[in-house]
Amino acid sequence: MASGDMLGPAVSGLLAFQTEMATIGNNIANVNTPGYSRERVQLTPSPPQYTGAGYIGTGVQVSSVQRIYDQYLAGQLNSATSANSQLQNYSQLATQVGNLLADPQAGLSPNLQSFFNAVQGVASDPSSTSARQVMLSQGQSLVSNFQYLDSQLTSLGSGVNTQITNSVNQINSLATSIAKLNGQITQLQGTAGGQQPNTLLDQRDELINQLSQQVAVTTVPQTDGSVNVFIGNGQSLVMGSTAIPLSVVPNTYDATRSEVGYTVGGVTTDISNQITGGTLGGALAFRDQVLNPSENALGQVAIGLAATFNAQSRLGMDQNGNINQNFFNTIDQSSPQVLPSSTNTGSPPATIGATVTDVSALTTSDYRLDRTATGYTLTRLSDNTVTNLTNFPGAPQTVDGVTLSLASGTIAVGDSFMIEPTRTAAANIGLAISSTSQIAAAAPISTAVATNASGVPTNQGTGAISAGSVSNTTNLPLSGAITLTYDASTQQFNVTGGPGGTLAYNPATDSGGKQFSFPTYGGATFTISGVPANGDSFVISNNANAVSDNRNALALAGLATQSTLANGTASYNGAYSDLIANVGTQTQNANTSSTAQQAVLNQVTQQVNSVSGVNLDQEAASLVQYQQAYQAAAQMISTSSSLFQTLIAAVGGH
Amino acid sequence: MRISTSQIYNQSVNAMLTEQNQLNQTELQLSSGKSILTPSDNPAGSAQIVNLNQSISTTNQYQTNASAANSRLSLEGSTLTSVTNLLQSLRSLAVEANNSTQSSSSRADIAQQVSQGLQQLVALANTQDANGEYIFAGYQGKSQPFITDPSGNVIYNGGQNSRYLQIGPTTQVAFGDPGTAVFEAVPNGNGTFATAASASNTGSGVIDTGSTTGTFVPDTYTIAFSQATSTSPITYSVTGAASGVVASGTYTSGNNISFNGAQVSISGTPANGDTFTVAPSQDQSVFATLQNLVNSLNSNAATPSDQAQINTGITRSISEIDQALNTINQTSAKVGARLNTVTDQQNTNQSYSNGLQQTLSGVQDLNYASAISQLSQEQLALQAAQEAFAKVQGMSLFNYLR
């Protein structure tokens, strides 16, 4: 056997073990590289040499350097990553809303309480300028509080817009990089005779994982080594070496809201509602599920408070003797907004008016008005309940306390409008009055028994009249006093002034108290009791100079605990606490899911690491193993050399 | 399972981060004393806190209102006591003035005192509270309710209603009484009917204020006396404007004359043609009563009939002061009942508020014992994680391959 035959396998061993050790070195060097998959050298015996005695091995050869990688686990890692970053982003954003609304100082509830305490203060001391000043100041601070909370929510909305822009930019940049890598991988795989460019594959997997942090993706590997990446309902983001960029587009109805746009054949469509997962999915879900409903709910409280408080305030009389005055501005009329779609074709463009006509029926939902081929439909977006508006636009239509009417223009088939009854109410609420004297603490009418010029009652009987109240402002202030004079023979009161006529009163049955009312004169309601004598009279007149009257202030203060909202099931504070509970529940769910998802992500990461991660101990052992093998191969060369020397010496020329 | 080296580090770091996070949460809870730091910690609890705080705040406001009502009603009560004392002293003066030993000049002195008393009474009726509000003015609390006009009459300018304060969820209490009810709506005479002597009487007949026997039939009755000659018996007849003649007979001084539920007694010697009237009571202000008394006291008693007029007037005034005292006592009793209501409601509010505070504390306050034990548990877990990391990070095969 020739000594060259010994050297061949030894040298192949040396080379193979060098490759092994170089790979181990590479593994060790990349122990902390994100996305790096450990590599293993695939050794195969060299083709044997045929001799008469049979096949003799010729050493070892390096067939390939493979990365240890599991396609299935990589997919799982990506989906766990996108789910986790969606929930984390969602829960971070929602926690901000919850903390804002439930803040013991900045939240609405403490301000609402202080305001109504101040109203009670006016009710207990209506003539006090300082009590009135406190009510006015607390009203101002309540209004500011609504505006502050809304501005915070609006700025969270701007933050969501920024997140969408950032995410879209990052997605586009990652998509471009992935497309570029796809091109390189396809090319290198071709030129390397099918050998895989492991580093590029790792890089691409890492980029796809980074993409998963932004948005949920699905990947489909191609035979040429490239990977196609899809988002949403199958919109392709990367096709081979081409990236199709996403764009940020304004919402069709509301240009201040950013949406995700996808362009195919020159047509850009809004695909926001198809996007799931990742930071982007989290931001979009937060906006739909927490931010907008919160702003609506806050607006509902604002409109409910303003409308009901104003209604009572209008029934009262201020210190200047004026009635029919609002305390808050009329956001129930001015605040509901109707946003036409930018794609509407009606000409001239239709303007649709919306006002709140029944605050108790008001919901926190937005609505979409569509003109279909057969008519008009209104969709409540919170639960997609569709109402057919049969008489629209001929007559105003009221759904859930909101009255819609066509103000001008034409609605074409296919046109649609977004109706947001409460969205901007909290931003727009304000005070209608500026002076303490304008607080309507008194009732507009007062009742009295007839008196002489000195103020001494002239009635003979025991008849008495209650202080009375009003329920509307028709014919108020009274043009003159209304006098009720008792006629004992006919057992009725003759009414002079006001509506006139007679009021039957039988002392035998009615002396415990009988209630009367003049619907067309402020709805004045009063109770007469006792036994009036013939000719006794009562006078209902304008409540002049009544600085100490608190009847209306009492009614205003009573609103605090009345269930005026949500079909008579919630007080202002109740509706607000519902909002806190809703945001809290959604955040809690997100937190719980986020914790669970984090565990899943850790689990999958562990599995991926378990397969692909570098273990230094393992590498150390391999290093020792291949070092020894290398030494053995080197020893083979040394042995071969000494054999050769021995042979030379033995046959040397002596 | 195969573990990668980075995994060993990551796991230890994750474990430490988780423990630190929990530790931080517990620390925040301990430093704030609250178990709910953000609504997502306990959504239902957070909503409950908002509602409980509102109830507590509302109840506190009821308490504020109740103490305002308390001080205002106490002021009213003490004012009414002063009014009662004043009226009682004026009544004593009137009784004293009715004594036959009084002369015109001594009556004039008494008239002077009553007149001053009247002014004091007007001042009391115009009492203002600490906020400058007139307490007997009804809704017109910032205008002086009782004004003396140039001719000396006291006019009431206030309202007939008084406001109510909310002192509990369903409890309202009247904050005061209008001047009408306290000082103006006082029935004159004896409360059922009023007696009077005609100004043109020439005899010395004096009529008392009378009393009721059974049910008084409201009508204006005239008791007319006639005497044919100076020696013939004096006879009387009682004629109601609507009822006709209801009684007649021979007059005996001091005897009761009864008709239609009324019983009066006339003493002295009425002259032929003298008349007395008995009319249903009408409301008369206490000020008018006192003014009438002053007028009676200031009258000149030149003749027996003048003296009779004075005595009739004083007698009636005493009865009317009694009626005023009666009205004021009734008002005082109402004020006392309201004060009781306020006190009861204050107690109710207090215990309700205590209950709410307790519930609130149960929902939002931290259980320190369990939080502290949790804190030490979490500290222990963090220490364990840190120690595990310190141990594991030293373990490498490379350490042994030297």
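If you're wondering where the values come from, they're calculated on a predicted model, not measured in any experiment.

1. Observations regarding the overall build of chain B
- In terms of regular secondary structure, chain B is built from seven helices and 15 strands.
- A compact globule built from 402 residues would reach a C-alpha radius of gyration of about 21 Å, whereas chain B, at 41 Å, exceeds it by more than 25%.
- Along the first, second and third principal axes, the C-alpha atoms of chain B reach 160 × 40 × 30 Å.
- Per-residue burial over chain B gives 39% buried out of 402 residues.
- Intrachain contacts of chain B at a sequence separation of at least 6 include 68% that bridge at least 24 residues.

2. With respect to the interface of chain A and chain B
- Residue-level contacts link 61 residues of chain A with 55 residues of chain B.
- Breaking the side of chain A that touches chain B down by element, the ones donating at least two residues are helix 2 (71-102), helix 3 (108-124), strand 20 (445-449), helix 10 (551-558), helix 11 (572-612) and helix 12 (616-651) of chain A.
- No other element matches the 17 residues that helix 11 of chain A contributes to the side of chain A that touches chain B.
- Counted by class, the side of chain A that touches chain B contains 23 nonpolar, 34 polar and four charged residues.

3. Examining unusual backbone geometry
- The omega torsion across S347 of chain A and P348 of chain A is -10 degrees, close enough to zero to call that bond cis.
- By secondary structure assignment, the location of P348 of chain A is in the loop between strand 12 (337-340) and strand 13 (351-356).
- Along the chain, L476 of chain A connects to P477 of chain A via a cis peptide bond; the corresponding omega equals -10 degrees.
- Its place among the elements puts P477 of chain A in the loop between strand 21 (464-465) and strand 22 (482-487).
- Its identity as a non-glycine residue notwithstanding, N260 of chain B has a phi of 40 degrees, on the positive side.
- The topology assignment puts N260 of chain B in the loop between strand 12 (256-259) and strand 13 (262-267).

4. Regarding the sheet that holds strand 22 of chain A
All names here are of chain A.
- Ordered in space as 20-27-22-23-24, the five strands form an open sheet in which the pairing is antiparallel. Of all the strands in the sheet, just strand 20 and strand 24 (502-504) have a single pairing partner and so form its edges. Neighbour to neighbour, the strand axes of the sheet diverge by 20 degrees on average, direction disregarded.
- Where strand 22 meets strand 23 (residues 492-496), five bridges bridge the pair, whose relative direction is antiparallel. Bridge pairing in strand 23 places T483 opposite T496.

5. Notes on the nonpolar core
- The biggest cluster of nonpolar side chains holds 142 residues, and the ones touching the most others in it are V119 and A302 of chain A.
- Sorting elements by how many residues they give to this core places helix 4 (residues 129-191) of chain A first, with 19 residues.
- Every residue in contact with V119 of chain A, bar those within four places of it in the chain, is listed here: M135, A553, L556 and A557 of chain A.
- If you look at the next biggest cluster of nonpolar residues, it comprises 49 residues, including L80, V154, F183 and V186 of chain B.

Here is what the cut-offs are and how they apply
- Residues numbered from 1 in each chain as written.
- Chains lettered and ligands numbered in written order.
- Predicted model: local features only at pLDDT ≥ 70, side-chain atom pairs only at ≥ 80, totals over all residues.
- Helix = DSSP H or I, 4+ residues; strand = E, 2+ residues; numbered from the N terminus.
- Rg over C-alpha atoms; globule rule 2.2 N^0.38 Å.
- Buried ≥ 20, exposed ≤ 12 C-beta atoms within 10 Å, placed from the backbone.
- Contact = placed C-beta atoms within 7 Å.
- Nonpolar A, V, L, I, M, F, W, Y, C, P; charged D, E, K, R; others polar.
- Pairing = 2+ DSSP bridges.
- Axes fitted to C-alpha atoms, helices over the stretch in contact; angles between N-to-C directions.
- Core = buried A, V, L, I, M, F, W, Y, C linked by C-beta atoms within 7 Å.

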